[in-house]
Amino acid sequence: MRQPVSPSTVLRRVLLAALIGMVSALAVWLFRRMLAELEIWFVGSGGGLVDAARALSPWRRAMTPLLGAAAAGVLLWMHQRREALRVHRHDIPSDYIEAVNIGHGLLDVRASLVKCAASLLVVATGSAIGREGAMILLAALAASLLGRRLAPRSEWRLMVACGAAAGMAAAYHAPLAGALFVAEVLIGTLAIAAMTPVVIAAVCSLLATQWLSGAEILYQVPPLPIPKHYEYLLLIVVGIVSGVAGAAFLWALDGARQGFRRLKLPLPLQLALGGAFVGLLSVIYPEVWGNGFSVVRTLLTAPPAALLIAALFAAKLAAMLASNGSGAPGGVFTPTLFAGAAFGALAAKAVAPWIGLDHLPLLMTLCGMAAWLAATTHAPVMAALMIFEMTGEFAILPALLPACVLAATVSSRLHAVSVYGAADDRSSPKLTR
């Protein structure tokens, strides 16, 4: 029988979790500042990659992702060569999920920083990859370092989990979703009783983020009414179809990674090939640059015609597969939100001739975002809470939950491994997705 935790231990964990939350928020804020400076240096603008891409000439639009990915590949390749020459090597991961699941809460400091630096290069030059992977890794690394100095070894894994939740809270202004991300993705290794410091870390990270960069809801949308019963049915259909589509996307990611590996190219050339593909696509569709954040805002506020949405959907998926498959260090969390938003917007266009409600396109777009996220992460409660926290629309949460549960259930039956449990190979240079 497990011994109860003493009040002094609980207090120490809570105080350390609060410190981890604040330090994680600072790490994410610094990453954002460095990214903005690099975007100005590379593309002349730190206000949005899509707008920057539109302002560039076609040849620069094509070459910038290629050069950034190649530079990141050289950096990762040099690190791998240096590690191969080390006589005394320790199997310490640079993957925060691995550090919690099968490690001891230790993260390789040098490897983690190299990955984050490489992620800065590919993200700032337009690769279709998310920046949140590096943000969460930095937060988890800070938590690991603090845990080594201020916590007993038995709590190091918990401290890394606190850092991961705090990093997600800082990246998306979503502390509840950050805590549920840890609960649903790492629930096999963390007891529910350990969730208290995780929640504290996430909330303190949000407070520190608001102090550093201001309070802001990421996606400002018009108020939505409480969904009617028939709208629940529509969203359930969106959830089921999203489950199938999400599983297909996971299979496509697996295929893209295997395809690039079969080429057996040196790492710099492999990443450059993925960057070149994104660059060529961006000549026609500059919207494929970056993680898709600004395009999601457009889909939520002023969606374009169905044909353009479909074209952007296909182009962005292809760019995501090229970037992630080539090994570009970053995440697919925000790009997945884009894919779900486009899918939901297309679904809304399809039913518009029969159901002409003014708010339905926005509702279905948000449902698409939540359902695709649930389908790829297999974390339905986190996905529903994430959309609620990013929009502030509490009224739609009960309708999102069944859609997300169905999406995750269908996807997990078709593709048992989520995007966070990918078993491709842990020696890969990619950040945890």
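Residues numbered from 1 in each chain as written. Predicted model: local features only at pLDDT ≥ 70, side-chain atom pairs only at ≥ 80, totals over all residues. Heavy atoms only, no water.

K.L.:
How would you explain the overall build of the chain if you had to name every residue and give the values?
P.N.:
Broken down by element type, the chain carries 17 helices and zero strands. Against the 2.2 N^0.38 benchmark of 22 Å for 433 residues, the chain shows a C-alpha radius of gyration of 21 Å, consistent with a compact globule. For the C-alpha atoms alone, the extent of the chain along its principal axes is close to 60 × 50 × 40 Å. Relative to its 433 residues, the chain shows a buried fraction of 58%. (Helix = DSSP H or I, 4+ residues; strand = E, 2+ residues; numbered from the N terminus. Rg over C-alpha atoms; globule rule 2.2 N^0.38 Å. Buried < 20%, exposed > 50% of the residue type's maximum accessible area, 1.4 Å probe, protein only.)

K.L.:
Explain a nonpolar patch on the surface to me, and be specific about the residues and the numbers.
P.N.:
Taken together, the side chains of Leu263, Leu265, Leu269 and Leu273 present a nonpolar region at the surface, about 330 Å² in accessible area. Mapping Leu263 onto the fold places it in helix H10 (residues 229–263). We classify Leu263 as partly exposed; its relative accessible area is 45%. (Patch = residues over 30% accessible without salt bridge, like charges linked within 9 Å, V, L, I, M, F, W, Y side chains within 5 Å. Areas by Shrake-Rupley, 256 points an atom, 1.4 Å probe, with all protein chains shown as cover. Salt bridge = Lys/Arg side-chain N within 4 Å of Asp/Glu carboxyl O.)

K.L.:
Talk me through the pattern of salt bridges; I want residue IDs and the actual numbers.
P.N.:
Using the criterion set out here, one finds six salt bridges in the structure. The shortest N-O distance in the salt bridge between Arg131 and Glu39 comes to 3.7 Å. Remark: Glu39 occurs in helix H1 (residues 7–43) and Arg131 occurs in the loop between helix H5 (109–124) and helix H6 (132–150); sequence separation between them is 92 residues. Look at Arg131 and you get partly exposed, because its relative accessible area is 23%. The salt bridge partner of Arg257 is Asp254, with a shortest N-O separation of 3.5 Å. Taken together, the residues Arg257 and Asp254, both in helix H10 and three residues apart, mark about one turn of the helix.

K.L.:
How would you explain the environment of Phe338 if you had to name every residue and give the values?
P.N.:
For Phe338, the position within the fold is in helix H14 (residues 333–351). For the pair formed by Phe338 and Trp372, sequence separation is 34 residues and the distance between their alpha carbons is 9.3 Å. Sequence-distant contacts of Phe338, that is, excluding residues within four places in its chain, are made with Asn291, Gly292, Val295, Val296, Leu299, Leu312, Phe313 and Lys316. (Contact = heavy atoms within 4.5 Å.)

K.L.:
Would you mind going over the environment of Trp41 in detail, with residue names and values included?
P.N.:
Looking at the secondary structure, you find Trp41 in helix H1. Relative accessible area serves as the criterion here: at 67%, Trp41 is assigned to the exposed category. Sequence-wise, Trp41 and Ala124 are 83 residues apart; in three dimensions their C-alpha atoms are separated by 9.0 Å.

K.L.:
Can you explain H14? Please cite residues and give values.
P.N.:
Along its 19 residues, H14 runs 27 Å from first to last C-alpha, staying within 8% of the 27 Å computed at 1.5 Å per residue. Within H14, 16 of the 19 residues are buried, leaving the element largely enclosed by the surrounding structure. (Expected span 1.5 Å × (residues − 1).)

K.L.:
Break down the packing of aromatic side chains for me, citing the residues and quoting the values.
P.N.:
Enumeration over the complete set of coordinates arrives at eight aromatic pairs. Note on Phe181 and Tyr420: the rings are 5.1 Å apart at their centroids and 70° apart in plane angle, and the pair reads as edge-to-face. On the criterion of sequence distance, the pair formed by Phe181 in helix H8 (residues 175–185) and Tyr420 in the segment after helix H17 (397–414) is long-range, its members being 239 residues apart. A relative accessible area of 4% means that Tyr420 is categorised as buried. Note on Phe249 and Trp372: the rings are 6.1 Å apart at their centroids and 50° apart in plane angle, and the pair reads as tilted. Taken together, the residues Phe249 in helix H10 and Trp372 in helix H15 (residues 360–377) connect sequence positions 123 residues apart. Trp372 matches Phe249 in its accessibility class, with the two residues each being buried. In this arrangement the basic side chain of Lys316 is found over the ring face of Phe338, its NZ or CZ atom lying 5.9 Å from the centre. (Phe/Tyr/Trp six-rings, centres within 6.5 Å; stacked < 30°, edge-to-face > 60°. Lys NZ or Arg CZ within 6 Å of the ring centre and 35° of its normal.)

K.L.:
Go over helix H16 (residues 380–391) with me, naming the residues and quoting the values.
P.N.:
With 12 residues, H16 should cover 16 Å at 1.5 Å per step; its first-to-last C-alpha distance of 17 Å lies within 8% of that length. Summarising burial for H16: 11 of the 12 residues are buried, a large majority. Every buried residue of H16 is listed here: Pro380, Met382, Ala383, Ala384, Leu385, Met386, Ile387, Phe388, Glu389, Met390 and Thr391. The elements touched by buried residues of H16 are helix H7 (156–172), H8, H14, H15 and H17. Just beyond H16, the residue with positive phi is Gly392, at close to 75°.

K.L.:
Can you tell me about unusual backbone geometry, naming the residues and giving the values?
P.N.:
Leaving glycine aside, a negative phi is the common case for residues, and trans is the common case for peptide bonds. Not every positive phi belongs to a glycine, and His173 is a case in point at roughly 55°. Mapping His173 onto the fold places it in the loop between H7 and H8. Backbone geometry places His378, a non-glycine residue, at a positive phi of 60°. Along the chain, the position of His378 falls in the loop between H15 and H16.

K.L.:
Would you mind going over the packing of H15 against H16 in detail, with residue names and values included?
P.N.:
Remark: H15 packs on H16, axes separated minimally by 8 Å, with the N-to-C direction vectors making an angle of 145°. Seen from above, H15 lies across H16 with right-handed handedness. Mapping the contact onto sequence places Leu366, Met369, Ala370, Leu373, Ala374 and Thr377 in H15 and Pro380, Met382, Ala383, Met386, Ile387, Met390 and Thr391 in H16. Residues belonging to the contact of H15 with H16 are distributed by class as follows: 11 nonpolar, two polar and no charged. (Axes fitted to C-alpha atoms, helices over the stretch in contact; angles between N-to-C directions. Left-handed = near helix turned anticlockwise from the far one by under 90°. Nonpolar A, V, L, I, M, F, W, Y, C, P; charged D, E, K, R; others polar.)

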